[in-house]
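# Structural features, examined
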2 protein chains.
Amino acid sequence: VAQAPGLELVGAVDPAPALCGRDLAALLEMSLPARVAIAPALDELLARGRPDVALHATGSRLPEVAGQLEQLVAAGVAVVSTCEELAYPFQRHPELSRKLDAAARGAGVALLGTGVNPGFVMDKLVVTLMAVCDAVEHVRVVRVVDARTRRESFQRKIGAGLSRAAFEAKSGAGALGHVGLAESAHMIADAMGLPAERRLRETLQPELADAAVQSAFLRVEAGQVAGLAQSAIVEADGVERVRMEIAMVLGAPSPHDAVTIQGSPALEMRVATGVPGDEATAAVAVSCAALVRELPPGLRTMLDVPLRPPWRGAAR
Amino acid sequence: VAQAPGLELVGAVDPAPALCGRDLAALLEMSLPARVAIAPALDELLARGRPDVALHATGSRLPEVAGQLEQLVAAGVAVVSTCEELAYPFQRHPELSRKLDAAARGAGVALLGTGVNPGFVMDKLVVTLMAVCDAVEHVRVVRVVDARTRRESFQRKIGAGLSRAAFEAKSGAGALGHVGLAESAHMIADAMGLPAERRLRETLQPELADAAVQSAFLRVEAGQVAGLAQSAIVEADGVERVRMEIAMVLGAPSPHDAVTIQGSPALEMRVATGVPGDEATAAVAVSCAALVRELPPGLRTMLDVPLRPPWRGAAR
């Protein structure tokens, strides 16, 4: 945000005792035009003045963060959130979607979920490609991530270092895995025009290490869990139309992103080495922050966003 | 258009004696809900009633088609055009851009240039990718087209079958080559935030056939021109920032589209075999026709378009 022309960083909130009250410029080791002290709570930040846009990154599950979103929207603040379930919340949380949409419309601001995934690699990019097809019979999206390149919390959430039994226990409790695959699948399915009467199946399984693998944060012995593989498959009228596959594994060979469209024309797209998750999530959120005030008020999705970088040149 | 839900085909114009007056359904060999006779002129079509949107595909050079665009806009019709120079007309035609923008704003409709290229492969898709980068130092876009897959007029405009001397004469007169590379380069440069004081260099050269090559429409002997290669390079402050390269050759080996972004993160994207031009141009124009009435009035570009297919599903 500090580097994007047209955006000005005016506040920050974090309740962590180690962070609140600290000067953001010092924490980021960069200079900012004005001092920004990290507020301990949203109320306190909003009491200082209303920002135009909030970048919200506090949790993956919509019911857990909906109160924060409602507070921002009620204050007339447009919101770009990395909450994975907000990226396309209509199927998993229809009631909450309607409520947030009504609140945002009432306040005259847009509320948008984005990120690298969901939000870009496995949905927005796919939908953008589909727009040059006359017809689309089937879409397959594959993302393979070498989790060694990701932050520690990411490496933990894929179960790296667990035994198979510990993995099964944790995944049974819903504590492991990527959140957002179903959201991406529904975004694509809607963009394909599939009927609401569709079937979504999801799978999640551990990937075991063949040999020991080490990251900056943890070590996985041979036979332990190195990560996981998930899929989400959409069928309509008994026919498979969308297949999403993601593997997030410490030391995964050939990380990449791939989109295969069976249609007219058929298209095969590949991003070599894959779009790096943490860095790209920050960048796409900033790009969206520069755009969100152009969107009509209400709960919006990446389907509504004319995605572009925030640096709009001087020539127009 | 006839197959896209939400769109209804209500008219067609073509002054060609072999076409005007004919029934479109018969010509397309498909059934349409109502009879559509091809009108010989735009006046006549507009006299029958005002359509919401016009799909305009009559020429590559903006000054040659601007009168048609003005007539449509003045009648209150939103326009999606495949005119290559309309895709990003601000640098080549600043006056005409202002005039068309004012006319469209005055009429309360949007006017948009699109297509596979310019409009998608070498610009919109690139800008979409750049939105997940923090910073972009350099962008290289390569498109290699095997012209055997394209229509006859395309094969002629790349000089296939000419001698080298005939090629030089025709290209000197501006009668050969791809129109739109500079437009794509400027769209990317603006999205990168490059200053208006930039330098654009363009090159065009013939590609000679090593061996005889045959298409459905013509034959090229060894040593004759099989197609051409063009480039457009943007420099700002003395540094190359954008490099666009397109080769359109009868029998080109390994046709593909590639985007290489030097930045953070660095990204390398490839569409195997490339996006097929004629089919994808028709599809993206229809996708935009379904979207153009959501755009603010005025002269718009693909930077403004939340590109997606026209089939919006039932779930929202």
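Per chain, residues are indexed from 1 in the order of the written sequence. Numbering of ligands from 1 and lettering of chains from A proceed in the order in which they are written. Per-residue local features of the predicted model are confined to residues with pLDDT of at least 70, and side-chain atom pairs are confined, for both listing and counting, to 80 or more; whole-chain, interface and lining totals are unaffected and use all residues. Side-chain metrics in this entry use all non-hydrogen atoms of the structure; hydrogen atoms and water are not considered.

## Here we look at the nonpolar core
How we decide: Working definition of a nonpolar core: buried Ala, Val, Leu, Ile, Met, Phe, Trp, Tyr and Cys residues. They are joined through side-chain atoms within 4.5 Å. Accessibility here uses a 1.4 Å probe with only protein chains present; expressed as a share of the type maximum, an area under 20% marks a residue as buried, one over 50% as exposed, and anything in between as partly exposed. In this description, contact between two residues means that some pair of their heavy atoms is separated by no more than 4.5 Å.
Ile188(A) and Ile188(B) are the most contacted members of the largest nonpolar core, which totals 194 residues. Not counting residues within four places of it along the chain, the set of residues in contact with Ile188(B) comprises Met122(B), Asp123(B), Val126(B), Val127(B), Met130(B), Val139(B), Val141(B), Val242(B) and Met244(B).

## Some words on helix α4 (residues 94–107) of chain A
Residues and elements named next belong to chain A. The condition that has to hold: Secondary structure is summarised from DSSP: a helix means a run of H or I of at least four residues, a strand means a run of E of at least two, and numbering begins at the N terminus for each. For a helix, the expected span equals 1.5 Å multiplied by the residue count minus one. Think of the arc as the fan of directions from the helix axis to the C-beta atoms.
Compared with the 20 Å implied by 1.5 Å per residue over 14 residues, the 20 Å span of α4 between its first and last C-alpha is a close match. Within the sequence span of α4, burial applies to Leu96, Ser97, Leu100, Asp101 and Ala104. Seen from one end, α4 has its buried residues packed into an arc of 135°, which puts them on one side. Of the residues in α4, the exposed ones pointing more than 90 degrees away from the buried face are Glu95, Arg98 and Gly106. Where α4 is buried, its residues contact α3 (62–74), β5 (110–113) and β14 (298–300).

## Concerning the packing of helix α3 (residues 62–74) of chain B against helix α4 (residues 94–107) of chain B
Residue and element names in this part refer to chain B. Selection criterion: Throughout, an axis means a line fitted to C-alpha atoms (over the contacting stretch in the case of helices), and angles, computed between N-to-C directions, take values from 0 to 180 degrees. Should an angle fall under 35 degrees it is called roughly parallel, over 145 degrees roughly antiparallel, and 65 to 115 degrees roughly perpendicular, with every other angle called oblique. When residues are grouped by polarity, Ala, Val, Leu, Ile, Met, Phe, Trp, Tyr, Cys and Pro land in nonpolar, Asp, Glu, Lys and Arg in charged, and all others, Gly among them, in polar.
Put simply, α3 and α4 touch, their axes get as near as 10 Å, and they point 10° apart. The orientation of α3 relative to α4 falls into the category roughly parallel. Contact residues: Leu62, Pro63, Ala66, Leu69, Glu70 and Val73 in α3; Leu96, Lys99, Leu100, Ala103, Ala104 and Ala107 in α4. Within the contact of α3 with α4, the residues separate by chemical class into ten nonpolar, no polar and two charged.

## Some remarks on the environment of Val234(A)
All names here are of chain A. Within the fold, Val234 resides in strand β10 (residues 225–236). Residue Val234 is classed as buried on the basis of its relative accessible area, which comes to 0%. Separated by ten residues in the primary sequence, Val234 and Met244 have C-alpha atoms spaced 8.7 Å apart.

## Digging into the relation of the copies chain B and chain A
Here is the rule we go by: In this comparison the copies share one frame, found by least squares on the C-alpha atoms of residues holding pLDDT of at least 70 in both.
Aligned on chain A, chain B shows an RMSD of 0.0 Å; the corresponding rotation is 180° and the shift along the axis is 0.0 Å. Given the turn and translation reported, the copies of this chain are related as if by a two-fold rotation axis. It is Pro306(B) whose C-alpha, among those of chain B, lies nearest the rotation axis, at 1.9 Å.

## Remarks on the pairing of strand β12 (residues 256–264) of chain A
All names here are of chain A. Threshold: At least two bridges found by DSSP between two strands are what make those strands a pair.
With nine bridges joining them, strand β6 (residues 135–146) and β12 adopt antiparallel strand pairing. Pairing of Val141 across the sheet is with Val259, part of β12. Connecting β12 to the next strand, strand β13 (residues 267–272), in antiparallel fashion are two residues.

## Describing the sheet that holds β14(A)
All names here are of chain A. Strand order in the open sheet formed by four strands is β3-β4-β5-β14, with parallel pairing between adjacent strands. Each edge of the open sheet is held by one strand with a lone partner, namely β3 (53–56) and β14. Going across the sheet, the axis of each strand differs from the next one's by a mean of 15°, ignoring polarity. For β3 and strand β4 (residues 78–81), the ladder comprises four bridges, and the chain directions are parallel. In the strand pairing of β4, Ala54 is matched with Val79. Its contacts with the sheet place α4 against β5 and β14, and it is angled at close to 120° to β14. Relative to the sheet, helix α9 (residues 277–291) contacts β3, β4 and β5, its axis offset from that of β3 by approximately 160°.

## Thoughts on the environment of Gly11(A)
Residue and element names in this part refer to chain A. The residue Gly11 is located in the segment before β1 (12–13) in this model. Relative accessible area serves as the criterion here: at 21%, Gly11 is assigned to the partly exposed category. C-alpha separation for the pair Gly11 and Leu24, spaced 13 residues apart in sequence, amounts to 8.7 Å. Setting aside anything within four residues of it in sequence, one finds Gly11 in contact with Val36 and Leu45.

## A word on the sheet that holds strand β13 (residues 267–272) of chain B
Pairing is mixed across the open sheet formed by twelve strands, whose spatial order is β7(A)-β10(A)-β11(A)-β6(A)-β12(A)-β13(A)-β13(B)-β12(B)-β6(B)-β11(B)-β10(B)-β7(B). Bordering the open sheet on either side are β7 (198–208) of chain A together with β7 (198–208) of chain B, each of which pairs with just one other strand. Adjacent strand axes in the sheet meet at a mean angle of 10° when their direction is disregarded. Its contacts with the sheet put helix α7 (residues 164–172) of chain A on β7 and β10 of chain A, and the angle it makes with β7(A) is roughly 150°.

## Some points on the interface of chain B and chain A
Cut-off, in case you're wondering: Once two parts are brought into contact, the accessible area they lose, counted with a 1.4 Å probe and summed over both, makes up the buried area. By definition, a salt bridge exists where a carboxyl oxygen of Asp or Glu is found within 4 Å of a side-chain nitrogen of Lys or Arg. We define a polar contact as two N or O atoms separated by no more than 3.5 Å, with the added condition that, inside protein, one atom must be a possible hydrogen donor and the other a possible acceptor, whereas residues neighbouring each other in sequence contribute only through side-chain atom pairs.
Residue-level contacts link 54 residues of chain B with 54 residues of chain A. With both chains or domains summed, chain B and chain A bury close to 4,500 Å², and 64% of this area falls on carbon and sulfur atoms. In this assembly, chain B and chain A are joined by zero salt bridges. For the pair chain B and chain A, the interface holds nine residue pairs in polar contact (both at pLDDT 80 or more). Looking at the side of chain B that touches chain A, the elements that each hand over two or more residues are α5 (124–130), β6 (135–146), α8 (181–191), β13 and α9 (277–291) of chain B. When its residues are assigned to classes, the side of chain B that touches chain A shows 36 nonpolar, seven polar and eleven charged. Pairing between β13(A) and β13(B): three bridges, direction antiparallel. Residue pairing in the sheet places Met269(A) in a bridge with Val271(B) of β13(B).

## Things to note about the environment of Val271(A)
All names here are of chain A. Residue placement: Val271 occurs in strand β13. For Val271, a relative accessible area of 1% gives the class buried. Between the C-alpha atom of Val271 and that of Asp257, which follows or precedes it by 14 residues, the distance is 5.1 Å.

## Details of the pattern of salt bridges
Applying the stated criterion across every chain, the model contains 44 salt bridges over all chains. Notably, a salt bridge pairs Glu235(B) with Arg199(B), separated by 3.6 Å at the nearest N-O pair. Here Glu235(B), found in strand β10 (residues 225–236), pairs with Arg199(B), found in strand β7; they are 36 residues apart in sequence, far enough to count as distant. Accessibility expressed as a relative area gives 16% for Glu235(B), which makes it buried. On the basis of relative accessible area, Arg199(B) is assigned to the partly exposed category, the value being 47%. Sharing partners across several salt bridges, the network here consists of Arg61(A), Glu85(A), Arg92(A) and Glu183(A).

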